[in-house]
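The lines below spell out each chain.
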Amino acid sequence: MKLGIVGLPNVGKSTLFNSLTKAGAAAENFPFCTIDPNVGVVAVPDERVDTLGRMYSSKKVTHATIEFVDIAGLVKGASKGEGLGNQFLANIRETDAIVHVVRCFEDPNVVHVDGSVDPVRDIETINLELVFADLEVVDRRLGKVGKSARNDKSLQKEAALLEKLKALLEEGSRARCYEPADEEEKAILKGLSLLTGKPVIYAANVGEDDLADDGAGNEYVKKVREYAEAEGSGVFVISAKVEQEISELADEDRAVFLEDLGLKESGLDKLIRASYSLLGLISFLTCGEDESRAWTITEGTKAPQAAGKIHTDFERGFIKAEVIPYDKLIECGSMTAAKEKGLIGIEGKDYVMKDGDVTLFRFNV
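Rules used throughout
Residues numbered from 1 in each chain as written. Predicted model: local features only at pLDDT ≥ 70, side-chain atom pairs only at ≥ 80, totals over all residues. Heavy atoms only, no water. Salt bridge = Lys/Arg side-chain N within 4 Å of Asp/Glu carboxyl O. Helix = DSSP H or I, 4+ residues; strand = E, 2+ residues; numbered from the N terminus. Buried < 20%, exposed > 50% of the residue type's maximum accessible area, 1.4 Å probe, protein only. Phe/Tyr/Trp six-rings, centres within 6.5 Å; stacked < 30°, edge-to-face > 60°. Lys NZ or Arg CZ within 6 Å of the ring centre and 35° of its normal. Polar contact = N/O pair within 3.5 Å; in protein donor to acceptor, adjacent residues only side chain to side chain. Contact = heavy atoms within 4.5 Å. Patch = residues over 30% accessible without salt bridge, like charges linked within 9 Å, V, L, I, M, F, W, Y side chains within 5 Å. Areas by Shrake-Rupley, 256 points an atom, 1.4 Å probe, with all protein chains shown as cover. Lys, Arg positive; Asp, Glu negative; His and termini not counted. Charge placed at Lys NZ, Arg CZ, Asp CG, Glu CD.

Student: What should I look at first to understand the pattern of salt bridges in this one?
Tutor: If the charged atoms of two oppositely charged side chains come close together, the side chains can form a pair. Scanning the model with the defined rule gives 25 salt bridges in all. The closest approach of N and O atoms between Arg140 and Glu136, which form a salt bridge, is 3.4 Å. Remark: Glu136 and Arg140 occur in helix α3 (residues 119-149); sequence separation between them is 4 residues, near one turn of the helix. Glu136 gets classed as partly exposed once you look at its relative accessible area, which sits at 41%.

Below, the structure written as structure tokens:
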């Protein structure tokens, strides 16, 4: 999963990015690493994988990962060259979703680029810049396709779709408001990688005092939630400052720190949960002496396609899947005991994978 982080300057975006990705840590030693100054990879915490690794004395334990792409603070007019953010917008065109960090705290020592805290205004400023950036992409593509479409029927549908998207964006609406008429339109839209076509998760950045009640008493957070609900986006409450403190603690000290703050999970855990929910993602598990691993798939994925996540040969030569829910396997203590109790399901090509399925694929190529 790949997430792009956007926001105005001084909203806590870079603090959050640096905290989540623990910039500078080597991938082989820590669950975080930085690929370059504005890209970081984070392992998805999943105790199930660790438990399976211990159960099988696995040589390797591999978690699912999230790649974060941080964009320099966007400002009003970024699409026309103001500020630095527009230089990096291309970096998030290939992301699965956008994490939009919104300032929901007052602090006279942290200057707001527009002079006051107003999360809805800030959201609309960023959204408008993303709309302008998309308009540029659509106009450029329309310039290439438009003339050719007169003599090439295969391009006529794309040209018609581009015209519809242009009209939509010029109204200030977002590309995700457009409902594709068929699979062909879906494919064209996917190829355009429009920023406003991506799902959005709003990260309401609050002060430490607003964390315990998940921002329930914060008027700014209420406005963000109302805005997000109206457009079908996700929201999670976070304190970039607290996340920075958490990132500097040893693993064994983090749980104590969170408990002292009255929190059950870190901001990273919240973001992962919100991302998986918004994108409709689940994880199935594989285990053995060589490796125990989590694999991320979309809800509704059938067994052969899940097998293809591991290797294309697994999907091509799929025969069956031996499946047991993680909780049942742990209750039994081993696959052998689960087999003796008849708890392992033998599933065919139409089986729809579920979160936590511990799976062994049988195939023949």
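Student: Any chance you could explain the packing of aromatic side chains here in plain terms?
Tutor: Remark: the centre distance and the inter-plane angle together describe each pair of aromatic rings, the angle taken between the planes. Using the criterion set out here, one finds 5 aromatic pairs in the structure. Clustering of aromatic rings is evident, with ring pairs tying together Phe284, Trp295, Phe318 and Phe361. Taking NZ or CZ as reference, Arg103 lies 4.5 Å from the ring centre of Phe105, over its face.

Student: It is not clear to me how the side chain of Arg254 should be interpreted in this structure. Could you clarify?
Tutor: Mapped onto the secondary structure, Arg254 falls in helix α8 (residues 251-260). In this structure the side chain of Arg254 is engaged in a polar contact, spanning 3.3 Å, whose partner is the backbone oxygen of Ile246.

Student: Explanation requested: the environment of Leu3 in the structure shown.
Tutor: Relative to the assigned elements, Leu3 resides in strand β1 (residues 2-6). Each residue touching Leu3, except ones within four places of it in the same chain, is listed here: Ile66, Glu67, Phe68, Val69, Thr95, Ala97, Val99, Leu271 and Ser275.

Student: For this particular structure, what's the right way to read a negative patch on the surface?
Tutor: Taken together, the side chains of Glu208, Asp209, Glu245 and Glu248 make up a negatively charged region of the molecular surface. Its location among the elements puts Glu245 in helix α7 (residues 240-247).

Student: Would you explain the environment of Ala307 in this entry?
Tutor: Inspection of the secondary structure assignment puts Ala307 in helix α10 (residues 303-310). On the basis of relative accessible area, Ala307 is assigned to the buried category, the value being 0%. Note: C-alpha distance between Ala307 and Val131 (176 residues apart in sequence) is 38 Å. The residues contacting Ala307, other than those within four sequence positions of it, are Phe314, Glu315, Phe318 and Phe361.

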